[in-house]
Amino acid sequence: MRFAIVLALIVTCLAGCRSEDAAATAKFDASLRQKAEQLADSKQVEVIPLFGKCSSGIDEAMKEQLAKTGLEVQTVTGDIFAGRISSNHLMKLAQLPFVTQLSLSQISKPLAP
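Thresholds, definitions, all that
Residues numbered from 1 in each chain as written. Predicted model: local features only at pLDDT ≥ 70, side-chain atom pairs only at ≥ 80, totals over all residues. Heavy atoms only, no water. Helix = DSSP H or I, 4+ residues; strand = E, 2+ residues; numbered from the N terminus. Buried < 20%, exposed > 50% of the residue type's maximum accessible area, 1.4 Å probe, protein only. Contact = heavy atoms within 4.5 Å. Areas by Shrake-Rupley, 256 points an atom, 1.4 Å probe, with all protein chains shown as cover. Polar contact = N/O pair within 3.5 Å; in protein donor to acceptor, adjacent residues only side chain to side chain. Core = buried A, V, L, I, M, F, W, Y, C linked by side-chain atoms within 4.5 Å. Salt bridge = Lys/Arg side-chain N within 4 Å of Asp/Glu carboxyl O. pLDDT = per-residue confidence, 0-100.

Time to look at the overall build of the chain. Broken down by element type, the chain carries five helices and four strands. Relative to its full complement of 113 residues, the chain shows a buried share of 26%. In the chain, of all internal contacts separated by at least 6 residues, the share reaching a separation of at least 24 is 66%. Per element, the accessible surface of the chain, about 7800 Å² overall, is 59% carbon and sulfur.

Set out below in structure tokens:
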């Protein structure tokens, strides 16, 4: 019982300290979250190709805000964007209020017969 209370207090403290980061990383898909964790653990910086979804159609002002985070915007279609960003700038992008989802871009290979 005592262990459960101590554990609950620790989790609550950590959640409060990292609530902003948790809200931002909740926008990551599983593969992007895994990639970001791997890079953070190894203290490496890498350019990450990704797709993102916004809460509304992307206008020039939003595109400018995306670029200010360090994102190299490559394509915009409606509320979806594709681009590349350095892993050390990923959280800035995720913290933009109009960004709702971020997914790691991956190369798909055709299935062999």
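Picking up after the structure, the text goes on.
Here we take up unusual backbone geometry. Here Lys43, not a glycine, exhibits a phi torsion of approximately 60°, which is positive. Note that Lys43 resides in the loop between helix H3 (30–42) and strand S1 (47–54). Since its relative accessible area comes to 73%, Lys43 is described here as exposed.

Our focus in this paragraph is helix H4 (residues 60–68). A side-chain oxygen of the first residue of H4 lies 3.3 Å from the backbone nitrogen of Ala61; this N-cap is Asp59. Gly70 occupies a position one or two residues after H4 and carries a positive phi of about 110°.

Below, the discussion takes up the nonpolar core. Of all hydrophobic cores here, the largest spans 21 residues; its most connected members are Leu50, Leu66, Phe81, Leu93, Val99 and Leu102. What Leu102 contacts, discounting residues up to four positions off in sequence, is Lys27, Phe28, Asp29, Leu32, Leu50, Phe51, Gly52, Phe81, Leu93 and Ala94.

Going through the model one piece at a time under the given rule, you end up with four salt bridges. The salt bridge partner of Lys35 is Glu46, with a shortest N-O separation of 2.8 Å. Within this pair, whereas Lys35 is found in helix H3, its partner Glu46 is found in the loop between H3 and S1, the two being separated by eleven residues in sequence. Residue classification places Lys35 among the partly exposed positions, given a relative accessible area of 22%. Residue Arg84 pairs with Glu72 through a salt bridge whose shortest N-O separation is 3.8 Å. One end of the pair, Arg84, is in strand S3 (residues 80–86); the other, Glu72, is in strand S2 (residues 72–77), with twelve residues separating them in the sequence. Here Arg84 falls in the partly exposed class, since its relative accessible area comes to 34%.

A few words now on the side chain of Ser86. Positionally, Ser86 belongs in strand S3. Side chain to side chain, Ser86 and Asn88 meet in a polar contact 2.4 Å long.

Our next topic: the confidence of the model for the chain. Per-residue confidence for the chain averages 85 on the pLDDT scale, and 82% of its residues sit at or above 70. This stretch, residues 6–11, has a pLDDT under 50; its non-local contacts, to residues over four places away or in other chains, come to zero contacts.

Okay, the side chain of Thr69 next. By secondary structure assignment, the location of Thr69 is in the loop between H4 and S2. Owing to a relative accessible area of 6%, Thr69 belongs among the buried residues under this scheme. Once residues lying within four places of it in the same chain are set aside, the contact partners of Thr69 are Ile85, His89, Lys92, Leu93 and Leu96.

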